[in-house]
Amino acid sequence: MSEGECYRLPGGVVVRRGVGTQKQACGITYSGQWSDDKMNGSGILEYPSGAKYEGEFLNNMYHGQGTYHFPDGTKYIGTFHENRLEGEGEFTDGQGLEWTGIFHNRAAPGLKLKLNM
């Protein structure tokens with residue numbers, strides 16, 4: 001981690017906590033809160049593909065309110081549960097149209113087009 005707090009367990013393992021940034025060799029970067037050596041709390045996780053998640057984490061998973069930016073420019077704003085789209089949310093498609101409704105993993109039956117007048 002380039003900043004933040006770490007502590008060493010009796011066996012020599014380094015554990016992250018507090019607020020910090022970790023850059024992995026594969027190009028993934030996380031900036032945010034750590035607890036028990038896991039992404040816990042709010043943060044930003046960026047991927048080399050251009051995908052990015054900004055929001056709440058629980059035990060290294062997207063969990064709570066957040067925004068996921070897909071590499072193709074589309075995005076989802078809403079609730080996540082253990083890395084899945086889950087509950088109320090808004091999806092912006094490639095044409096910039098905004099769709100709202102209830103999401104359940106990859107399904108979102110009954111989405112409604114949000115009209116901007």
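Reference entry: report on the structure contained in this document. (Residues numbered from 1 in each chain as written. Predicted model: local features only at pLDDT ≥ 70, side-chain atom pairs only at ≥ 80, totals over all residues. Heavy atoms only, no water.)

Another aspect to go through is the pattern of salt bridges. As enumerated under the stated definition, the model contains four salt bridges in all. Between Asp37 and Arg16 there is a salt bridge, and its shortest N-O distance comes to 2.6 Å. Placement of Asp37 in the loop between β3 (29–35) and β4 (38–46) and of Arg16 in strand β2 (residues 14–23) is noted, with a sequence separation of 21 residues between them. On the basis of relative accessibility, which here comes to 24%, the residue Asp37 falls in the partly exposed class. The class for Arg16 is buried, based on a relative accessible area of 17%. Ionic contacts of the salt-bridge type, sharing partners, join the residues Glu90, Glu98 and Lys114 into one network. (Salt bridge = Lys/Arg side-chain N within 4 Å of Asp/Glu carboxyl O. Helix = DSSP H or I, 4+ residues; strand = E, 2+ residues; numbered from the N terminus. Buried < 20%, exposed > 50% of the residue type's maximum accessible area, 1.4 Å probe, protein only.)

It is worth spelling out the nonpolar core at this point. Core analysis: the biggest nonpolar cluster contains 14 residues, and Leu45, Phe57, Tyr62 and Phe80 have the highest contact counts within it. Elements supplying a minimum of two residues to this core: β3, β4, β5 (52–58), β6 (61–69) and β7 (75–81). Those residues in contact with Leu45 that sit more than four places away from it in its chain are Ile28, Thr29, Tyr30, Met39, Ala51, Lys52, Tyr53, Phe57 and Tyr62. (Core = buried A, V, L, I, M, F, W, Y, C linked by side-chain atoms within 4.5 Å. Contact = heavy atoms within 4.5 Å.)

Another aspect to go through is the pairing of β7. Two elements, β6 and β7, share six bridges in a ladder whose sense is antiparallel. When the sheet's bridge partners are listed, Gln65 is paired in β7 with Thr79. Connecting the antiparallel pair β6 and β7 is a turn made up of five residues, with Gly73 showing a positive phi of about 95°. Judged from the six bridges that link them, β7 and strand β8 (residues 84–92) form a sheet pairing that is antiparallel. Among the inter-strand pairings, Tyr76 is bridged to a residue of β8, identified as Phe91. Hairpin connection, β7 to β8: the antiparallel pair is bridged by two residues, and Glu82 has positive phi, about 50°. (Pairing = 2+ DSSP bridges.)

Quick look at the layout of surface pockets now. Here the largest pocket defines a volume of roughly 160 Å³. Contributions of two or more residues to the lining of the largest pocket are made by β6 and β8. (1 Å grid on protein atoms, 1.4 Å probe; cavity = no way out; pocket = protein on both sides within 12 Å on 5 of 7 lines; lining within 4 Å. Points joined across faces, edges and corners; volume = space filled by probe spheres on them.)

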